[in-house]
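Each chain, letter by letter, is given below.
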Amino acid sequence: MNTFHGGIHPDGHKTATASKPICDLKPPTELVFPVSQHIGAPAKPCVKVGDRVLMGQKIAEAGGFVSANIHSSVSGTVKAIENRLHPNGVSMECIIIENDGLDEKAPPLENSGGDYTKKTPAEIIDIVREAGIVGMGGATFPTHVKLSVPKEAKIDHIIINGAECEPYLTSDHRAMLETTDDIIGGILILMHIFGLNDGYIGIEDNKPDAIAHMSEAAKKVSDKNIHIVPLKTKYPQGAEKQLIFAVTGRKMAPGTLPWQSGCIVNNIDTCASIFRAVANGEPVIRRIVTLSGDAIASPSNLRVRLGSSFSYLIEESGGFSQDTAKILMGGPMMGMAVPNTSVPVIKGTSGIVALGAESSKFEQESACIRCAKCVYACPMNLQPNLLDMAARRDDMCTLEKLYINDCIECGSCAFVCPSKRRQVQQIKTAKAKLRDLAKAAKA
Amino acid sequence: MNDKLIVSHSPHTAGNESISRIMLDVIIALVPALIAGCIIFGMRALIVTLTCVLSCTISEYIWCRLLKKPNSTHDLSAVVTGMLLAFNVPASLPLWMAVIGSVFAIIVVKQFFGGIGHNFANPALAARAFLLASWALAMTTWYTPGTLLPLFGSPDAVSSATPLAAYASGNTNYSYLTLFLGNHGGCIGETSSLALLIGGAYLLIRKVIRLRVPLIYIATVALGTWMFAGHNGFGSGDWLYQILSGGLMLGAIFMATDYTTTPTTPNGQIVFALGCGIITVLIRVWGGYPEGVSYSILLMNIATPLIEKLTAPKRFGYVKPKKEASAQ
């Protein structure tokens, strides 16, 4: 079975939602669109307060090359453009739209539809850019940037990431079962962009139904080869470098990007979004969200409009089952804790996990006993124990020698630590300090 | 729901490992050897062990009180130190010496350097070395199994040679079975290879230790003693006799795998185990002292920071600098 070195085996917690079909949720009356839902420059609002907007209409324009457009997920009126809370806890400019309930559609994206094989790669990438597609797994890196590889790049592997190694999350799992054709269509488009006959979909073996279902769908494609690659169920199997290694056996050199190893990696829902944009002219206005956690009364997989608030999703699906102590956007390994439930679903919201007091217990840190479990678990082969200690004493020189910037912040070290140390938090803080120092040195 | 949510950094979930659970596992793994010790040396073995465990725990508690630090005895590491120290002394050791050894292990070796995770040498082994240097006779008086030792007073009985001392003088009339079961003179917890192996298997199953250190250590001693420890020249050594005797099993399974005082890097652990094996052979074959396990581990403890520095794992995707230069 293909996999990588290191990693951990957290409890999956996926049974609560793995067999629940995706349920369409009606949009609420008010939708909130933060201008930054992606990595890169924030988008710039291109509507004014009072404007009537249509479902799928662009409301904010990408603020640079590494940025993404934002579209309204409903038809209605722009009620305000003001600062609201982003899931990451920062108050940020948001476009607030009042839903008129008509779902009046904007015209499809320019140049979309028809036979994609007649389009040039540049034309397709242009549609992807226009559609505002970003990495929907949670990283939210703009997809058109990923696809715009330098001329010297020799791409020979298109890899679709169906690992979904985060506990609780099942949105990609359900997408593979229920939006199979979109995913196959998406990978064919990606293969067409790079002139390839082979594409790869990596799926963890805790989803045998998805593996079987995708394999069957892949067999129906007669002129191209889509390979379904079962992967060992191990966290972080879906991390880009670990996935590329598991599928191709290539180790990305430190500081390089996937294209330098001949690979393009996209998440399942990203891949389906590419198909929907190119074939149907739909921008990103919906996404599949797994609603789970021990504080959720009835866990489910929902297809929701972007901009819906967390509280709306939770109320509509049955509310809380107990006092909630912590709510996460994304899974418990790499997801972020949100400040309150008024925050909206954004492009990277793969899941909402609400945890009760017992499972959000904050354990006291104790001294490192040098058990080396973090060293064994680190998928990047770093020494988290030493990084943690160097970060606590602000020893920047040592941190660089320990390759702090190779850390992917997957949290495997903190998960296995018997002393309950918070290595990732220390490493992340130290990374920020290093960036500030580098900036100061330049200035 | 609560108005206030917890906002903390990821990860938001953790495994159920804890220091006290790991220490409890080590204690459980040491129980077979303790039972064997009690069977072989009588209940005095239990009294010595309890003395060490209590003195270690009380020392730690008093230290924490004196320094106004949170009480750390509940992590059970002092219990492990006490058991390991007791396993490294003869059952006949006067109890007051056991108390002094325990205080030395916890206060001087462990707490003076910062407590759990910060000591550079194994507390139990350092205390054993301290006792050996201070009361050499009491530490090397071995009683024949079956001798009735008084439970609390000072014993007065005839001593016998350990298998390793016997081997050194050319006398190997212990059968492998006797050695394996441990029915011979020696320290409380070191004689029964069988009991120690059971404990080692438990630690492996619970993933507290990894196989590489005990395996490489024992294999190195086996090879070294086979080559050099024979009385009839190269390759005539009785390696099986050697690995079943002395403190090797105890050292390889429980001491050379100690977290704090051994390298955290996988390659470093291999170097550490090899070093322990080589020094043990050097002491056993050419040293003036039949047993070399505790000193070999202590010496390698001192080398641990250096080994760790030189054996840092290669980061994921590492390419040799030469290749990089030619690619550019």
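Residues numbered from 1 in each chain as written. Chains lettered and ligands numbered in written order. Predicted model: local features only at pLDDT ≥ 70, side-chain atom pairs only at ≥ 80, totals over all residues.

Trainee: Let's hear about the overall build of chain B: which residues, and what values?
Mentor: The helix and strand inventory of chain B stands at 15 helices and zero strands. What you see for chain B is a C-alpha radius of gyration of 22 Å, in line with the 20 Å of a compact globule of 328 residues. A principal-axis box enclosing the C-alpha atoms of chain B has dimensions of 70 × 55 × 35 Å. Across the 328 residues in chain B, those meeting the buried criterion constitute 49%. (Helix = DSSP H or I, 4+ residues; strand = E, 2+ residues; numbered from the N terminus. Rg over C-alpha atoms; globule rule 2.2 N^0.38 Å. Buried ≥ 20, exposed ≤ 12 C-beta atoms within 10 Å, placed from the backbone.)

Trainee: Could you give an account of the sheet that holds strand β6 (residues 70-71) of chain A, naming the residues involved and the relevant values?
Mentor: All names here are of chain A. Strands sit in the order β3-β5-β6 across an open sheet of three strands; the sheet is antiparallel. Lying at the two open borders of the sheet, with one neighbouring strand each, are β3 (44-45) and β6. Bridge count between strand β5 (residues 58-61) and β6: two bridges; the pairing is antiparallel. From the neighbouring strand, Lys58 faces β6, where its bridge partner is His71. (Pairing = 2+ DSSP bridges.)

Trainee: If you had to explain the interface of chain A and chain B to someone new, which residues and values would you point to?
Mentor: Each partner contributes to the interface: chain A provides 52 residues, whereas chain B provides 32 residues. Secondary structure elements with two or more residues in the side of chain A that touches chain B: β15 (324-329), β16 (336-337), α13 (412-416) and α14 (423-442) of chain A. Per element, the largest residue contribution to the side of chain A that touches chain B is five residues, and it comes from β15(A). Split into classes, the residues belonging to the side of chain A that touches chain B amount to 31 nonpolar, twelve polar and nine charged. (Contact = placed C-beta atoms within 7 Å. Nonpolar A, V, L, I, M, F, W, Y, C, P; charged D, E, K, R; others polar.)

Trainee: Talk me through the sheet that holds strand β17 (residues 351-356) of chain A; I want residue IDs and the actual numbers.
Mentor: Residues and elements named next belong to chain A. Taken together, the six strands give an open sheet; going across it, the order is β1-β14-β13-β17-β15-β16, and neighbouring strands pair in mixed fashion. The open sheet terminates on both sides in strands that have one partner only, identified here as β1 (22-24) and β16. Bridging between β1 and strand β14 (residues 300-305) involves three bridges; their strand directions are parallel. Bridge assignment links Cys23 to a residue of β14, and that residue is Leu302. Along the sheet, helix α4 (residues 171-178) makes contact with β1, β13 (286-292), β14 and β17, crossing β13 at roughly 125 degrees. (Axes fitted to C-alpha atoms, helices over the stretch in contact; angles between N-to-C directions.)

Trainee: Any chance you could break down the environment of Thr225(B) for me, citing the residues and the numbers?
Mentor: Residues and elements named next belong to chain B. With respect to the helices and strands, the residue Thr225 is situated in helix α10 (residues 212-228). Residue classification places Thr225 among the buried residues on the basis of 25 C-beta atoms within 10 Å. With 56 residues separating them along the chain, Thr225 and Val281 place their C-alpha atoms 6.2 Å apart.

Trainee: Outline the packing of helix α1 (residues 19-41) of chain B against helix α9 (residues 193-205) of chain B, supporting the account with residue identities and numerical values.
Mentor: Residues and elements named next belong to chain B. Remark: α1 packs on α9, axes separated minimally by 8 Å, with the N-to-C direction vectors making an angle of 165 degrees. Put simply, α1 runs roughly antiparallel to α9. The two elements α1 and α9 meet at a crossing, and its hand is right-handed. Contacts from Asp25, Val26, Ile28, Ala29, Leu30, Pro32, Ala33, Ile35 and Ala36 of α1 reach α9 at Ala195, Leu196, Ile198, Gly199, Tyr202 and Leu203. Across the contact of α1 with α9, the residue classes break down as 13 nonpolar, one polar and one charged. (Parallel < 35°, antiparallel > 145°, perpendicular 65-115°, else oblique. Left-handed = near helix turned anticlockwise from the far one by under 90°.)

Trainee: So what about the domain arrangement of chain A? Which residues, and what values?
Mentor: All names here are of chain A. Taken as a whole, chain A is organised into domain 1 (116-280) and domain 2 (373-442). Placing a centre on the C-alpha atoms of domain 1 and another on those of domain 2 gives a separation of 29 Å. Taken together, the five residues of domain 1 in the interface contact six residues of domain 2. Partitioned by chemical class, the residues of the side of domain 1 that touches domain 2 number four nonpolar, one polar and no charged. (Domains from an automatic or database assignment.)

Trainee: I'd like a rundown of unusual backbone geometry, residues and numbers included.
Mentor: Geometrically, the link from Tyr235(A) to Pro236(A) is a cis peptide bond, its omega value of -10 degrees lying close to zero. Following the sequence through the fold, Pro236(A) ends up in the loop between β11 (225-231) and α7 (240-248). For the peptide bond that leads from Ser10(B) to Pro11(B), omega is -5 degrees, which places it in the cis range. Structurally, Pro11(B) is set in the segment before α1. Residue Arg370(A) is not a glycine yet carries a positive backbone phi of 60 degrees. Positioned with a positive phi, Leu76(B) is a non-glycine residue whose angle comes to about 70 degrees.

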